[in-house]
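Commentary on secondary and tertiary structure
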Amino acid sequence: MHDNKHELKVLMLDGTTGFYRVQRYRVGDFFGPVDLGIHLAFKHNALTIGAGLLAGSVFPGSNRLIFAGISPCWHGFYVSSMGGAALIFDNLGINMLSLIGKAPHPSLLYLNRNHGEEIEVELVPVVPERIWDQGRKGVYAVMEHAIHLFGPRYEKDPRALAVGPAARDSDFGAIGSAPVKKGELTHVDTWAGRGGFGSKLFQEHGLVGIIYGGTHIDEDFRDRSVADQWFQDKFNQRMAAKDMEVTTKYRYDPKFNTGGTFGVNYAAMDGDILAFNYRTIYWSQEARRDLHERFILNHYLKQFNQETIQTKQQRNCGEPCAAVCKKMHGRFKKDYEPYQTMGPLCGIFGQRRAEQLNHHADRLGFDAISVGGTLAWLMDCLDDGLITPQELGVDRVPKWEVANFDVVGDSMHNAELGMALLDQMTQPGGNIPLQFGARKFARRLAREKGKQVLDRFVYNAFARQGWMVPNQYWTPGAYAPMAITGKYYMHYGRDFLPPRELGRENARRMLKELMLDNLGICRFHRAWAETLIPDIMENIFGEKDAFLNSLNMTASRITSRNASVFWESERNMDMVFTFLKNKKETDGVSHPEIDRWIDFFTRDRHAAAYEFWYEIHKGIHEMLREYPV
Ligand code: SF4
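What counts and what doesn't
- Every chain is numbered independently, its residues counted from 1 as its sequence is written.
- Local features in this predicted model are restricted to residues whose pLDDT is 70 or higher, and side-chain atom pairs enter the listing and the counts only when it is 80 or higher, whereas totals over whole chains, interfaces and linings include all residues.
- For side-chain calculations, the full set of non-hydrogen atoms in the structure is used, while hydrogens and water are omitted.
- Starting at the N terminus, helices and strands are each numbered in turn, a helix being any DSSP run of H or I of at least four residues and a strand any DSSP run of E of at least two.
- Residues count as neighbours in contact if any of their non-hydrogen atoms are within 4.5 Å of one another.
- Note on areas: Shrake-Rupley with a 1.4 Å probe; residue coverage comes only from the protein chains shown.
- Think of it this way: Lys and Arg go in the positive column, Asp and Glu in the negative one, and His and the chain ends go nowhere.
- Every charge is mapped onto a representative atom, which is NZ of Lys, CZ of Arg, CG of Asp or CD of Glu.
- Working rule for helices: expected span equals 1.5 Å times residues minus one.
- When accessible area is computed with a 1.4 Å probe and restricted to protein chains, residues below 20% of their type maximum are described as buried, those above 50% as exposed, and intermediate ones as partly exposed.
- Think of it this way: DSSP has to see at least two bridges between two strands before they count as a pair.
- Note on method: axes are straight lines fitted to C-alpha atoms, helices fitted across the in-contact stretch only, with angles between N-to-C directions ranging 0 to 180 degrees.
- Note on ring pairs: Phe, Tyr and Trp rings are taken, using the six-membered ring of Trp, and paired if centres are within 6.5 Å. Classes follow the plane angle, with under 30 degrees stacked, over 60 edge-to-face and the rest tilted.
- Look at NZ for Lys and CZ for Arg. If either is within 6 Å of the ring centre and within 35 degrees of the ring normal, a charge sits over the ring.
- Nearness is judged by heavy atoms alone; a residue qualifies as near a molecule or strand once a single heavy atom is within 4 Å of it.
- Nonpolar residues are Ala, Val, Leu, Ile, Met, Phe, Trp, Tyr, Cys and Pro. Charged residues are Asp, Glu, Lys and Arg, and all others, Gly as well, are polar.
- Throughout, nonpolar core names a set of buried Ala, Val, Leu, Ile, Met, Phe, Trp, Tyr and Cys residues whose side chains join them through atoms within 4.5 Å.
- Each angle gets one of four labels, with under 35 degrees taken as roughly parallel, over 145 as roughly antiparallel, 65 to 115 as roughly perpendicular, and the rest as oblique.
- We define a salt bridge as a contact between a side-chain nitrogen of Lys or Arg and a carboxyl oxygen of Asp or Glu at a distance within 4 Å.

Structural notes on the overall build of the protein chain
Of regular secondary structure, the protein chain possesses 24 helices and 20 strands. Once local pairs closer than 6 in sequence are excluded, the contacts in the protein chain between residues at least 24 apart make up 68%. Looking at the protein chain as shown, the accessible area adds up to about 22,100 Å², and 50% of this sits on carbon and sulfur atoms. Each charge class in the protein chain can be summarised by its mean position, and for the 75 positive and 76 negative side chains these summaries are 1 Å apart.

Structure, rendered in structure tokens:
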């Protein structure tokens with residue numbers, strides 16, 4: 001909310017000329033960075049970065065910074081977000097920044113607003129390679145450099161967004177940022193990783209980073225007693241109490257004696273563990289359970305619990321949030337998905353080694369999930385001799401021998417290989433060129449070496465070149481042909497749903513998640529937010545119906561350009577087939593549809609996979625259209 005509650009103020013900046021102006025949109029026509037972002041993306045190929053209407057308000061989790069535009073790696077419209085970063089963005093007195101055009105030289109963008117005056121905007125040319133090599137290196141060095149250069153000009157601590165070499169050398173570079181406290185960069189890094197908006201910022205707009213902040217205070221909704229009343233009416237609880245309840249998993253869950261996505265997911269997954277580039281899906285339940293118990297419960301998770309949970313090393317993302325979901329060990333922040341793809345998926349089961357590999361990827365500024373999936377795939381090919389180490393510019397094959405796996409030594413060996421592969425992705429003349437993405441690279445390798453190379457690579461495909469490593473859950477929802485994949489615009493529960501129904505459920509989830517993203521609300525608060533937001537929009541803006549309508553329109557707009565491509569790799573198909581078998585044989589699910597699908601997959605895997613994929617697709621499309629079927 002800003003000076004005028006019923007307006008969205010967007011700073012439009014053309015990097016080519018440096019020309020900028022503030023454009024206003026009526027709340028009611030647009031509501032936030034997603035619905036306005038898609039409008040500007042299709043009109044100008046803009047990258048829109050912005051806060052939701054509730055940023056700066058009393059609602060917990062309302063300060064995510066949202067990034068929206070055409071993704072360089074997915075090749076469709078995409079939405080990515082970063083925790084807490086909108087709290088300081090709100091001090092600029094605008095709702096969004098929309099970038100078009102490319103700065104003639106790589107630059108840092110400086111935005112400041114001091115005491116109600118106009119926003120100061122400066123584009124300062126820099127030499128990225130020189131900065132990436134300084135201090136904490138890569139992404140972190142860009143933040144440090146920006147703070148060093150511009151920090152003294154801010155009255156209150158600013159925040160900086162930054163990219164690393166991955167933004168230059170790949171299509172899936174992330175944008176990173178850590179809160180600044182008393183002029184110092186903290187270690188609690190937050191990421192807009194998915195969708196490669198770091199690559200977009202660097203390659204299409206010529207920016208290495210953006211530093212922003214100010215003193216502007218606007219009329220955000222801060223009436224706690226009124227908010228409490230709305231919570232009371234809906235949940236019979238006050239706001240803080242309800243929020244504490246719904247964020248238990250992310251803080252500390254006594255059911256599992258751990259907390260955060262890393263702790264709770266690993267504690268709860270049991271035989272659903274995914275390791276060694278998903279090879280575990282072919283194992284028996286006993287073997288998977290054994291791996292989970294020996295390497296995860298007794299080592300990887302145990303270390304995490306001792307080092308992070310028991311010592312209460314937990315922080316927030318930059319906004320005062322009771323979930324304190326950022327689980328730290330010194331300077332390393334632990335989330336499930338990066339520590340899964342650059343952990344067990346690569347044959348790494350120790351915290352020290354996972355920290356090393358994750359930190360290397362973070363410094364370089366990769367989307368951690370996608371790069372972890374790519375590393376695991378390359379290691380799989382190396383292990384089976386489909387590619388030689390020399391061809392990838394490295395000196396070894398991974399140690400993936402499960403029977404005699406040395407959890408310390410072999411994890412170290414694999415982490416070192418992972419780091420060497422990362423270097424090949426970002427060194428000039430490196431052997432793993434990912435400028436046009438890993439799918440294109442896989443396709444090239446498959447032409448030279450045979451399709452089995454591509455068949456090991458687990459990714460979702462969009463249009464001709466778009467790709468995305470799926471979320472790390474063994475469930476068909478993660479492989480569903482949604483117009484946006486790789487985030488939680490889908491049903492990722494472990495239960496079996498017939499594919500047509502799965503498609504519909506994905507669509508329902510997408511609508512809810514879009515609502516959160518368009519308002520910049522952190523999804524970890526979704527258990528109250530999804531229920532209450534329509535009423536909040538009514539109570540504050542008087543726009544509930546228009547808000548909900550616009551959500552449907554936005555979802556149908558995104559879905560009308562759904563260019564998802566049927567699973568290209570055999571392992572994608574196997575993820576679904578083994579999921580079905582596992583549900584029946586291990587979990588004892590009894591459903592006529594599951595029997596029918598298993599039978600179909602057993603008779604003709606490709607035909608069944610194709611049919612399954614299309615059934616999900618039908619379910620999605622019948623829901624996400626202006627007039628649902
Ligand atoms: S749950 Fe975590 S990411 Fe979300 S607002 Fe709270 S601290 Fe930030």
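Some points on helix H16 (residues 409–426)
Every α-helix carries 3.6 residues per turn, so stepping three or four residues along brings you back to the same face. Between the first and last C-alpha of H16 there are 26 Å, a value that for 18 residues agrees with the 26 Å anticipated at 1.5 Å per step. Burial analysis of H16 places 13 of its 18 residues in the buried class, which makes it a mostly covered element.

Quick word on the sheet that holds strand S18 (residues 460–462)
The strand order S19-S18-S20 describes an open sheet built from 3 strands, whose pairing is antiparallel. In this open sheet, the two strands that pair with only one neighbour each are strand S19 (466–468) and strand S20 (564–565). Pairing geometry for S18 and S19, over 3 bridges, is antiparallel. Each bridged residue has a counterpart across the sheet, and for Asn460 the counterpart in S19 is Met468. The strands touched by helix H17 (residues 438–449) are S18, S19 and S20; relative to S19, the strand with the most contacts, the crossing angle is about 105°.

Considering the sheet that holds strand S15 (residues 314–315)
Taken in spatial order, the 3 strands line up as S15-S16-S17 in an open sheet, and their pairing is antiparallel. Strands at the two margins of the open sheet, each flanked by one partner only, are S15 and strand S17 (332–334). Here S15 pairs with strand S16 (residues 326–329) via 2 bridges, running antiparallel. Within the sheet, the bridge partner assigned to Arg315 lies in S16 and is Lys326. Along the sheet, helix H11 (residues 285–309) makes contact with S16 and S17, crossing S16 at roughly 95°.

So, unusual backbone geometry
Residue Phe276 is not a glycine yet carries a positive backbone phi of 50°. Along the polypeptide, Phe276 turns up in the loop between helix H10 (260–269) and H11. Although it is not a glycine, Val324 adopts a positive phi angle of roughly 30°. Within the element layout of this structure, Val324 appears in the loop between S15 and S16.

Description of the packing of aromatic side chains
Per the stated rule, a full pass over the model turns up 48 aromatic pairs. Between Trp74 and Phe462, the ring centres sit 4.6 Å apart and the planes meet at 35°, which makes this aromatic pair tilted. Within this pair, whereas Trp74 is found in the loop between strand S4 (65–70) and strand S5 (77–82), its partner Phe462 is found in strand S18, the two being separated by 388 residues in sequence. Accessibility classification places Trp74 together with Phe462 in one group, the buried group. Aromatic pair Phe262 and Tyr300: ring centres 5.1 Å apart, planes at 65°, arrangement edge-to-face. One end of the pair, Phe262, is in helix H10; the other, Tyr300, is in helix H11, with 38 residues separating them in the sequence. For the pair formed by Phe262 and Tyr300, the shared burial category is buried. In this structure an aromatic cluster arises from ring pairing among Phe262, Tyr266, Tyr300, Phe304, Tyr336, Tyr339, Tyr473, Tyr488 and Tyr492. We note Lys440 situated over the ring of Phe436; from NZ or CZ to the ring centre the distance is 5.3 Å. Here the guanidinium or amino end of Arg561 rests over the ring plane of Phe42, the centre of that ring lying 3.8 Å away.

Some words on the site of the ligand
Taken together, the residues surrounding the ligand are Gly61, Arg64, Asn316, Cys317, Glu319, Cys321, Ala323, Cys325, Lys326, Cys522, Phe524 and His525. Here the shell around the ligand is built from residues that sort into 6 nonpolar, 3 polar and 3 charged.

A look at the nonpolar core
One finds Leu65, Leu97, Leu99, Leu111, Ile210, Tyr212 and Leu580 to be the most contacted residues of the largest nonpolar core, which totals 176 residues. Filtering out sequence-adjacent residues up to four positions away, Ile210 remains in contact with Ile49, Leu97, Leu99, Leu108, Leu109, Leu111, Arg159, Ala160, Leu161 and Leu201.

Brief notes about the packing of helix H13 (residues 351–364) against H16
Contact geometry of H13 with H16 gives a least axis separation of 8 Å together with a crossing angle of 10°. Compared by their axis directions, H13 and H16 come out roughly parallel. Each of Arg353, Gln356, Leu357, His360, Ala361 and Leu364 in H13 lies in contact with H16, whose residues at this interface are Ser411, Met412, Ala415, Gly418, Met419, Leu422, Asp423 and Thr426.

Regarding the pattern of salt bridges
For the coordinates displayed, the defined rule picks out 50 salt bridges. The partner of Asp587 in a salt bridge is Lys583, with the nearest N and O atoms 2.7 Å apart. Exposure remark for Asp587: the relative accessible area of 43% places this residue in the partly exposed category. Owing to a relative accessible area of 5%, Lys583 belongs among the buried residues under this scheme. The residue Lys618 makes a salt bridge to Glu615 at a minimum N-O spacing of 2.9 Å. Here the residue Lys618 and the residue Glu615 both occupy positions in helix H24 (residues 605–623), the gap between them amounting to 3 residues, near one helical turn. Note on Glu615: relative accessible area 16%, which makes it buried. Overlapping salt bridges bring together Arg500, Glu501, Arg504, Glu505, Arg508, Glu615, Lys618 and Glu622 as one network.

What to know about the pairing of strand S8 (residues 120–125)
Here 6 bridges tie strand S7 (residues 107–113) to S8, and the two strands are oriented antiparallel to one another. Within S8, the position partnered with Leu108 by the bridge is Val124. Two successive antiparallel strands, S7 and S8, enclose a turn made up of 6 residues, where His115 displays a positive phi of approximately 45°.

Considerations on the environment of Phe89
Tracing the backbone shows Phe89 in helix H2 (residues 86–89). Note: C-alpha distance between Phe89 and Lys43 (46 residues apart in sequence) is 24 Å. Ignoring sequence-local partners within four residues, the contact set of Phe89 consists of Ile49, Gly50, Ala51, Leu65, Ile94, Asn95, Met96, Leu97 and Tyr212.

In short, the description is geometric, and any link to function would need to be established separately.
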